[in-house]
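Descriptive analysis of the structure
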Amino acid sequence: MAFPSAIIPANEPQRMAAVRRYEILDTPGDGSFDRVTAIAARVFNVPISIISIVDNDRIWFKSHHGLDVPQIGREAGLCASAILKNEPHILSDASKDIRSLANPLVAGDFGLRFYAGVPLTTSDGYNLGTLCVIDKEPRPITPEQIEDLKDLAAMVMDQLEFRLSALRTLAKADKALEQAKLLAREIDHRVMNSLQFVSAMLRLEGKGAGDTASPHLEAAASRVEAVARVHRHFHLEDDIAQVAALTYLGRLCEDLSGILGVPVEVDGEHDFLPTTSIQSVGLIVNELVTNAAKHGAGKITVTYKPVETGRELTVCDQGEGLPIGFDLARSRRGLGMKIVDVLAKQLGGAVAARPNPSGTGACFAVTFH
């Protein structure tokens, strides 16, 4: 929209860049600004006080005491004229002032007569808008009152500068957090690649080893690969502080299902796991699911849920189930179950065995904090 050159500052492109820099346009109401306009109206004993920001084609009101309108067109607003200079813009009787005779707010039904506006000037010299007081009756204004209005305008700018500083601090914090996330992902990626390399080397050595050493090297390779798998699925997370438990377990178990060739279903309740627990939880699931695929039958179900004592992770199969009188503490356990027991203790928990509630198969449950 074209406006008369008389109300467009010479530095308009730079001024508008400053307006955008403060990110104030169309923001919600703010009590700190509303208090300033209330004080200004009370000090000057006028019905209307406004904090305005002059946009490209409108004058937007950050605070409008005594007026319900949130904005007006730029051409009609006296604030558009007030930002042309750095001095206060004073109209004691707008109906007799040559600068405002034709203004629709003066000549129209609104009947504006008194206007005193002080530019809101940035530290680098750009006028964003004004703090103004308005009345429908003409009135004089003293030098002391003008100084009061200037002080109140300075308070508005202090608030705008404080707000801008806070926005920049938040932006820096967001950038630092994003950099931390990228660094964490890069570390995990490198760890995962190193673990996969070690696993591949162990398998290569196992091929040339004897009948005694080869199975042990293969088992070691599988467990190193399991650690890599835990890292790979954690690497997909956006949050470096906590992980959605079911989402993470779903990805991990989908991978395990493809490797083991058995269906693995994940169920439970939504919860978040701290990333400090992820490696232990992932390795527990890897061992229990692998054990269920080896010794059980049918579908494997992994259930996770918060409980009164903390969290519970259960892996169930549909095989023959546990022998009558089975006692996990006294049973002869393989390396996998010993690993699960150690990891559960690291999480401040314990592992237990019980029949599958569905009637067929066995369940191993790990409760932890």
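Right, let's walk through the structure included here. Treat the numbers as computed from the prediction; the structure is a model and nothing was measured. (Residues numbered from 1 in each chain as written. Predicted model: local features only at pLDDT ≥ 70, side-chain atom pairs only at ≥ 80, totals over all residues. Heavy atoms only, no water.)

Inspection of every chain in the model, using the stated rule, returns 12 salt bridges. Arg58 is paired through a salt bridge with Asp55; the nearest N and O atoms lie 2.9 Å apart. Each member of the pair, Arg58 as well as Asp55, is classed as buried. The shortest N-O distance in the salt bridge between Asp341 and Lys345 comes to 3.4 Å. Remark: Lys345 and Asp341 occur in helix H9 (residues 335–346); sequence separation between them is four residues, near one turn of the helix. (Salt bridge = Lys/Arg side-chain N within 4 Å of Asp/Glu carboxyl O. Buried < 20%, exposed > 50% of the residue type's maximum accessible area, 1.4 Å probe, protein only. Helix = DSSP H or I, 4+ residues; strand = E, 2+ residues; numbered from the N terminus.)

Secondary-structure assignment places Asp151 in helix H5 (residues 143–208). When the C-alpha atoms of Asp151 and Val118 are compared, they prove to be 9.5 Å apart, with 33 residues separating the residues in sequence.

This brings us to the environment of Val264. Here Val264 shows up in strand E8 (residues 264–268). It is 5.8 Å that separates the C-alpha atoms of Val264 and Thr301, two residues lying 37 residues apart in sequence.

So, on to the packing of aromatic side chains. Summed over all chains, the structure comprises zero aromatic pairs. Here the guanidinium or amino end of Lys136 rests over the ring plane of Phe110, the centre of that ring lying 4.6 Å away. (Phe/Tyr/Trp six-rings, centres within 6.5 Å; stacked < 30°, edge-to-face > 60°. Lys NZ or Arg CZ within 6 Å of the ring centre and 35° of its normal.)

So, on to the state of the cysteines. Scanning all chains against the criterion turns up one disulfide. Each sulfur of the disulfide joining Cys316 and Cys363 lies 2.0 Å from the other. Handedness of the Cys316-Cys363 disulfide follows from its S-S torsion of about 110°: it is right-handed. Taken together, the positions of Cys316 in strand E11 (residues 310–316) and Cys363 in strand E13 (residues 362–368) put the pair 47 residues apart, joining distant regions of the chain. (Disulfide = S-S within 2.5 Å.)

With their axes 9 Å apart at the nearest point, helix H8 (residues 275–295) and H9 run at an angle of 155° to one another. By the angle between their axes, H8 is roughly antiparallel relative to H9. With respect to the hand of their crossing, H8 and H9 are arranged in left-handed fashion. Only Gly336, Met337, Ile339, Val340, Leu343, Ala344 and Gln346 of H9 make contact with H8, whose side of the interface consists of Ser280, Leu283, Ile284, Glu287, Leu288 and Asn291. Along the lines of polarity and charge, the residues of the contact of H8 with H9 split into eight nonpolar, four polar and one charged. (Axes fitted to C-alpha atoms, helices over the stretch in contact; angles between N-to-C directions. Parallel < 35°, antiparallel > 145°, perpendicular 65-115°, else oblique. Left-handed = near helix turned anticlockwise from the far one by under 90°. Contact = heavy atoms within 4.5 Å. Nonpolar A, V, L, I, M, F, W, Y, C, P; charged D, E, K, R; others polar.)

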